[in-house]
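Survey of secondary and tertiary structure
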Amino acid sequence: MTDENVLNEFQYTMRHIAAAVHAITTRHEGQRYAIVATAFSSVSFDPPSVLICVNSDTSIHAPLMAAEHFAVNVLSLANRDVADACAMKKGEERFSCGEWQDEMGVPVLASAQSSLICRIADRHRFGTHTIFIGELVGAHHREDAKPLIYYDRRYIDISDAPDQGAS
Ligand SMILES: Cc1cc2nc3c(=O)[nH]c(=O)nc-3n(C[C@H](O)[C@H](O)[C@H](O)COP(=O)(O)O)c2cc1C
């Protein structure tokens, strides 16, 4: 396989892995930052920790390199407007919809399915991205939220998905 084929197959594969959508936020020198991201994973329960992968070209990257905390706001279907604001607007305008509160100095979306507030414990640069590892310092969860899922370059409602295992 050529390098180009490997990349094409990788992109195709990633496009067809359904992924939860998050608004990653931080604050640096008084300014709030947000991006939409799917590259999130839990790392361990001991200590409770997560990771996010952020492209070094994004506006939130330099603030995350300097900040002490970030929040992972797991978006619900009802937060589609927040995902769109992060994709289409810049800077502070990304916070123009949704109710944002401050926790440990970072923006937390009150209506998110879940919010994980993390202290940045480690940073690891690889290729175009930096992996930020965060230790949990706070968490919120709403029982009544349906997840916002990204699949094949669009947002989908998985509650409409057929149950393939049902007989
Ligand atoms: C559904 C979706 C998922 C994304 N996931 C990531 C991600 O995990 N990491 C990342 O660095 N950028 C991700 N992006 C791209 C950033 O959201 C986008 O590049 C960023 O908002 C633009 O950067 P700016 O803040 O410099 O304008 C994603 C975009 C979309 C629409």
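What counts, and where the lines are drawn
- Position labels on residues start from 1 in each chain and follow its written sequence.
- With pLDDT at 70 or above as the cut-off, local features in this predicted model cover only qualifying residues; side-chain atom pairs require 80 or more to be listed or tallied, and sums for whole chains, interfaces and linings still use all residues.
- When DSSP finds at least two bridges between two strands, those strands are taken to pair.
- In this text, helices come from DSSP runs of H or I with a minimum length of four residues, and strands from runs of E with a minimum of two, each type numbered from the N-terminal end.
- Between the N-to-C directions of two axes lies an angle of 0 to 180 degrees, each axis being a line fitted to C-alpha atoms and, for a helix, fitted only over the stretch in contact.
- Residue pairs are scored as contacts if the distance between their C-beta atoms, which are placed from the backbone, is within 7 Å.
- Counting other C-beta atoms within 10 Å of a residue's own tells you its class, since 20 or more makes it buried, 12 or fewer makes it exposed, and anything in between is partly exposed; those C-beta atoms are placed from the backbone.
- For each residue, a C-beta position is placed from the backbone atoms; the residue is near a molecule or strand when that point lies within 6 Å of it.
- Residues are grouped as follows: nonpolar covers Ala, Val, Leu, Ile, Met, Phe, Trp, Tyr, Cys and Pro; charged covers Asp, Glu, Lys and Arg; every other residue, Gly included, is treated as polar.
- To be clear, the arc concerns the directions from the helix axis to the C-beta atoms.

Within a sheet, adjacent strands bond to each other through the backbone by hydrogen bonds, running parallel or antiparallel. Reading across from one edge, β3-β2-β6-β9-β10-β5-β4 is the order of the seven strands in this open sheet, with antiparallel pairing throughout. Only two strands of the sheet have a single partner each, and these edge strands are β3 (31-37) and β4 (40-45). Shown here is a sheet whose adjacent strand axes are inclined to one another by a mean of 30°, direction ignored. Docked against the sheet, helix α3 (residues 80-88) engages β2 (22-28) and β3, running at close to 105° with respect to β3.

To continue, consider unusual backbone geometry. The omega torsion across D46 and P47 is 5°, close enough to zero to call that bond cis. The phi dihedral of M104 falls on the positive side, at around 50°, and the residue is not glycine. You can see M104 is positioned in the loop between β7 (100-103) and β8 (106-109). Classification of M104 as partly exposed rests on a count of 15 C-beta atoms within 10 Å.

By nearness alone, 15 residues border the ligand, and A37, A39, N55, T58 and S59 come closest of all. Classifying every residue of the shell around the ligand by side-chain character gives eleven nonpolar, four polar and no charged.

A separate point is α3. Since one α-helical turn is 3.6 residues long, residues separated by three or four positions face the same way. Here α3 has its buried residues at V82, A85 and C86. Each buried residue of α3 lies within a common arc of 95° when the element is viewed along its axis, so the set occupies one face. Seen from the open side of α3, the exposed residues pointing more than 90 degrees away from its buried face are D81, A87 and M88. The secondary structure elements touched by the buried residues of α3 are β2, β3 and β8.

The next point concerns the pairing of β4. Counted residue by residue, β4 has zero buried out of six residues, so it is predominantly exposed. Bridge count for β4 against strand β5 (residues 48-55) is five bridges, and the pairing is antiparallel. Directly across from F40, in β5, lies its bridge partner I52.

Geometric descriptors of this kind do not, in isolation, establish any biological role.
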